[in-house]
Amino acid sequence: MAPSMSSVPSPQSPPYRITLFYGPEPVEGDPVRLSCVFNVKKRSWKGGIQVAVELDEGQVARARQTMGFEEWMRAALAGIPEQERADYADRAQDLFVQGLCALKLDLAIEAGLQQANCSIEADALTGELDRAIAQQEDRLKSQILTELDISG
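The residue numbers shown here count from 1 along each chain, following its written sequence. Restriction of local features to residues with pLDDT of at least 70 applies here, the model being predicted, together with a cutoff of 80 or more for giving and counting side-chain atom pairs; totals for whole chains, interfaces and linings are based on all residues. By convention in this description, side-chain values take in all heavy atoms of the structure and omit both hydrogens and water.

Caption draft 1: Expanded view of the overall build of the chain. Numbering of helices and strands runs from the N terminus; a helix is a DSSP stretch of H or I covering at least four residues, while a strand is a stretch of E covering at least two. Of the regular secondary structure elements, the chain holds four helices and four strands. The linear arrangement of helices and strands in the chain, starting from the amino end, is β-β-β-α-α-α-β-α. Overall size of the chain, expressed as C-alpha extent along the three principal axes, is 65 × 40 × 25 Å. Residues counted as buried form 36% of the 152 residues belonging to the chain. Partitioning the contacts of the chain with sequence separation of at least 6, the portion at a separation of at least 24 is 61%. Within the structure as shown, the chain displays about 9,500 Å² of accessible surface, and the carbon and sulfur contribution to it stands at 49%. A positive count includes Lys and Arg, and a negative count includes Asp and Glu. His and the chain ends are not counted in either. For charged residues, the charge sits on one atom: NZ in Lys, CZ in Arg, CG in Asp, CD in Glu. Averaging the positions of the 15 positive and the 23 negative side-chain charges in the chain gives two centres separated by 9 Å. A simple rule labels every residue: compare its accessible area, found with a 1.4 Å probe on the protein chains alone, to the largest value its type can have, and call it buried under 20%, exposed over 50%, or partly exposed in between. Contacts: residue pairs with any heavy atoms within 4.5 Å of one another. Under the convention used here, a 1.4 Å probe and the Shrake-Rupley method define accessible areas, while residue burial counts only the protein chains that appear.

This is the structure:
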């Protein structure tokens, strides 16, 4: 008698594998813009691409305000020894910008991303990003806490 096959479907692999390459870093020649660069690989592509995602200071400030980021971060770091809080806060700022860039990258992928190295300019997808930040606030905060290895 042959072994029976499981009727549980195997989980679907995500269509894209996205890895942060580096960032955030200031955009060369424009100190009010930040950029994160991601490696993006779609299953059907032979190779991956690099996508630079830019944000300007205004977008980051709006996101901080929308999420109440500063107050939330102070509360989240309350249990961290005082002498370590500045390091955690600096790392949280980088993670916050990385999360915003990743969210903007997701929006660009939904809009259709070609298989070519590219940049998503700071002024692209601004309205969509503002809406997504409001919808994804809890997920962004959870990711930051996980990366900092602290509980919320």
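Caption draft 2: Local environment of the packing of aromatic side chains. We call Phe, Tyr and Trp rings a pair once their centres come within 6.5 Å, taking the six-membered ring for Trp, and we label the pair stacked below 30 degrees between planes, edge-to-face above 60, and tilted otherwise. Considering all chains together, one arrives at four aromatic pairs under this definition. Ring geometry for Phe-21 against Tyr-22: centres 5.3 Å apart, planes inclined by 55°, an arrangement best described as tilted. Exposure remark for Tyr-22: the relative accessible area of 37% places this residue in the partly exposed category. Their ring planes at 45° and their centres at 5.7 Å tell us that Phe-69 and Trp-72 sit as a pair that is tilted. One end of the pair is Phe-69 and the other is Trp-72, both in helix α2 (residues 69-76) and three residues apart, which spans about a single turn. Summarising the burial analysis for this pair, Phe-69 and Trp-72 share the class buried.

Caption draft 3: Inspection of helix α3 (residues 82-111) at higher detail. Here the expected span of a helix is defined as 1.5 Å times the quantity of residues minus one. In this model, α3 (30 residues) spans 44 Å end to end at C-alpha, consistent with the 44 Å of a helix rising 1.5 Å per residue. A positive phi of about 110° marks Gly-112, the residue just after α3.

Caption draft 4: Region of the structure containing the state of the cysteines. In what follows, a disulfide is any cysteine sulfur pair within 2.5 Å. Applying the stated criterion across every chain, the model contains zero disulfides. We note that Cys-101 lacks a disulfide partner, and the nearest cysteine sulfur, in Cys-36, lies 3.4 Å from it. According to the relative accessible area criterion, Cys-101 is buried, its value standing at 0%. Cys-118 takes part in no disulfide bond, and the closest cysteine sulfur, belonging to Cys-101, lies 13 Å away. A residue is classified by how much of its surface remains accessible, and Cys-118, at 27% relative accessible area, is partly exposed.

Caption draft 5: Seen up close, the layout of surface pockets. For the largest pocket, the calculated volume is near 310 Å³. For the lining of the largest pocket, the elements supplying multiple residues, two or more each, are β1 (16-27), α3 and α4 (126-148). Classes in brief: Ala, Val, Leu, Ile, Met, Phe, Trp, Tyr, Cys and Pro nonpolar; Asp, Glu, Lys and Arg charged; the others, Gly included, polar. Within the lining of the largest pocket, the residues separate by chemical class into nine nonpolar, four polar and three charged. Of the two site types, the cavity is a set of points on a 1 Å grid over the protein atoms alone where a 1.4 Å probe fits but cannot get out, and the pocket is an open set with protein on both sides within 12 Å along at least five of seven lines, each lined by residues with an atom within 4 Å of a point. Grid points are joined across faces, edges and corners, and a volume is the space filled by probe spheres set on the points.

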